[in-house]
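What follows is each chain in one-letter form.
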Amino acid sequence: MTESRTPSADVPAPIRRPRRLRSSPVMRRMTAETSLTVDDLILPMFVADGLDEPRPISSLPGVSQHTEDSLVRAVEEAAELGIPSVDLFGVPLDSDKDGEGACSWREDGVLNRALARLRREFGDDVLIMADTCLDEFTDHGHCGVLRRDRWGRTIVDNDATLANYARMAVAQADAGAHIVSPSGMMDGQIEAIRAALDAAGHVDVAIMAYSAKYASAFYGPFREAVGSSLEGDRRTYQQDPANRRESLLEVELDIAEGADFVMVKPAMAYLDIVREVADMSPVPVAAYQVSGEYAMIHAAANNGWIDLEGAMMESVLGIHRAGAEQVLTYFAVDVARKLRGR
Ligand code: PBG
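All values reported here derive from a predicted model rather than from experimental measurement.

Rules used throughout
Residues numbered from 1 in each chain as written. Predicted model: local features only at pLDDT ≥ 70, side-chain atom pairs only at ≥ 80, totals over all residues. Heavy atoms only, no water. Phe/Tyr/Trp six-rings, centres within 6.5 Å; stacked < 30°, edge-to-face > 60°. Helix = DSSP H or I, 4+ residues; strand = E, 2+ residues; numbered from the N terminus. Buried < 20%, exposed > 50% of the residue type's maximum accessible area, 1.4 Å probe, protein only. Lys NZ or Arg CZ within 6 Å of the ring centre and 35° of its normal. Disulfide = S-S within 2.5 Å. Near = heavy atom within 4 Å. Polar contact = N/O pair within 3.5 Å; in protein donor to acceptor, adjacent residues only side chain to side chain. Areas by Shrake-Rupley, 256 points an atom, 1.4 Å probe, with all protein chains shown as cover. 1 Å grid on protein atoms, 1.4 Å probe; cavity = no way out; pocket = protein on both sides within 12 Å on 5 of 7 lines; lining within 4 Å. Sits in = over half its atoms within 2 Å of the grid points. Axes fitted to C-alpha atoms, helices over the stretch in contact; angles between N-to-C directions. Parallel < 35°, antiparallel > 145°, perpendicular 65-115°, else oblique. Left-handed = near helix turned anticlockwise from the far one by under 90°. Contact = heavy atoms within 4.5 Å. Salt bridge = Lys/Arg side-chain N within 4 Å of Asp/Glu carboxyl O. Core = buried A, V, L, I, M, F, W, Y, C linked by side-chain atoms within 4.5 Å.

A.B. asks: So what's going on with the packing of aromatic side chains? Residues and values would help.
C.D. replies: Evaluated as defined, the whole model comprises nine aromatic pairs. For the pair Tyr 214 and Tyr 270, a centre-to-centre distance of 4.2 Å together with 20 degrees between the ring planes defines the contact as stacked. Of this pair, Tyr 214 sits in the loop between β9 (206–213) and α6 (220–225) while Tyr 270 sits in the loop between β10 (261–265) and α8 (271–280), and the two are 56 residues apart along the sequence. Accessibility assignment for this pair places Tyr 214 and Tyr 270 in one class, buried. One aromatic cluster in this structure is built from Phe 46, Phe 89, Tyr 210, Phe 222, Tyr 288, Tyr 294, Tyr 330 and Phe 331. Just above the ring of Trp 151 sits the side chain of Arg 150; from NZ or CZ to the centre is 5.2 Å. Between Lys 265 and the ring centre of Tyr 288, over which it is positioned, the NZ or CZ distance is 4.4 Å.

Laid out in structure tokens, this is it:
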């Protein structure tokens, strides 16, 4: 048995010094608990119909609505930096929008055309992910189809919407998407999409489920980015920011229905949810640093109030440290450049 040391009267107990492990850059590098790599990044992108050249989105500095050609060039740049995946949103002409969002599943719809082009250009070198939601394609801007209920209220019809999501996901897989990502928060959407994909022979197409998606003010700039027609809000289908237990239920259901990845969105105001989901999920967990988070950092940096690069790296690292294995961020290219020292 070892004898316990008796504290001497004149030698004080040494204080604990965690600062030792912060004493030099190489010491900090060796003891870093989390590291970010380009493999953790997914770049969200926009392709719009009827453009002659890319159109910058004023509330998202550095982000544009792309033409098919400029999209290809931008994906090439991302791929050269080693970014493994891009997530594509389509912006149709207003005249192509209708109550059902039918141009989302037409082969010649803007999103499906662009997906096919990207798959032709890049094969399996980049994972082509498609946003699987109706809001960009409906004239009312909701993520589902509308109907009047028996009390005369206009509601988003969950089960009628599922059929449209299934058509859309199959069209995206037909076009060449490796991953579909249902973001509409309808109940049963993962099961409906999985069944439809399998029936169409797309057993290898993965589903990244927006499982815990909150009704958030941080989506503001995205509405400009996709020319959204929405009036009102999405609070009957997206989650209340007050809730956490509900997210765990949504994640459990999506996994049971066949989600290959689950996602939490937005990221920065929901890092507790990211951590809890990461602790319980048997499938990879992603988080989406949304448009408002990106815009906010740019706006503050633009005023000289924070350092853009520092805030960018810290925010994405923080989301990763909270438990997100994949981070969807409009900063993906800039982060990748920084990580690669370019
Ligand atoms: C809708 C969708 C939204 C975003 C991604 N998919 C907007 C919304 O739910 O209102 C937001 C992304 C962002 O803000 O960056 N399907």
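Next comes the rest of the write-up.
A.B. asks: Quick one: what's the story with the state of the cysteines, residue by residue and with numbers?
C.D. replies: On inspection of all chains with the given rule, the structure shows zero disulfides. Among the cysteines around Cys 103, which has no disulfide bond, Cys 133 carries the closest sulfur, lying 13 Å off. The exposure class of Cys 103 is buried, given its relative accessible area of 3%. Among the cysteines around Cys 133, which has no disulfide bond, Cys 143 carries the closest sulfur, lying 3.4 Å off. Cys 133 gets classed as buried once you look at its relative accessible area, which sits at 0%.

A.B. asks: Provide a residue-level description of the site of the ligand, including the pertinent values.
C.D. replies: In the vicinity of the ligand there are 15 residues, among which Arg 223, Gln 238, Lys 265, Ser 291 and Tyr 330 approach most closely. Between the ligand and the protein, one listed contact pairs an oxygen atom with a side-chain N or O atom of Gln 238 at 2.7 Å. When the ligand is considered free in solution it has 400 Å² of accessible area, and contact with the protein chains removes 100% of it. Here the ligand is seated within the largest cavity.

A.B. asks: Just give me the short version of the packing of helix α2 (residues 68–80) against helix α3 (residues 110–122), but keep the residues and values in it.
C.D. replies: Taken N-terminus to C-terminus, the directions of α2 and α3 make an angle of 45 degrees; their axes are 10 Å apart at the nearest point. Considered as vectors, α2 and α3 are oriented oblique to each other. The two elements α2 and α3 meet at a crossing, and its hand is right-handed. Across from Glu 68, Asp 69, Leu 71, Val 72, Val 75 and Glu 76 in α2, the residues of α3 making contact are Arg 113, Ala 114, Arg 117, Leu 118, Glu 121 and Phe 122.

A.B. asks: Residues and numbers for the pattern of salt bridges, please.
C.D. replies: All chains considered together, the criterion is met by 19 salt bridges. As a salt-bridge pair, Glu 68 and Arg 113 come within 3.5 Å of each other at their nearest N and O atoms. Linking Glu 68 in helix α2 with Arg 113 in helix α3, this pair joins segments that are 45 residues apart in sequence. Judged by relative accessible area, Glu 68 falls into the partly exposed class, the value being 25%. Look at Arg 113 and you get partly exposed, because its relative accessible area is 32%. Note that Arg 117 and Glu 68 form a salt bridge whose closest N and O atoms lie 3.5 Å from each other. With Arg 117 in helix α3 and Glu 68 in helix α2, this residue pair connects regions lying 49 residues apart in the sequence. Note on Arg 117: relative accessible area 17%, which makes it buried. Among the ionic contacts, a cluster of salt bridges with common partners joins Asp 49, Glu 68, Asp 69, Arg 113, Arg 117 and Glu 121.

A.B. asks: Please give an account of the nonpolar core that cites residues and values.
C.D. replies: Phe 46, Leu 88, Leu 197 and Met 208 are the most contacted members of the largest nonpolar core, which totals 106 residues. Residue contributions to this core peak at eight residues, all from helix α4 (residues 158–175). For Leu 197, the contacting residues outside a window of four places in its chain are Ala 169, Val 170, Ala 173, Val 180, His 202, Val 203, Val 205 and Ile 207.

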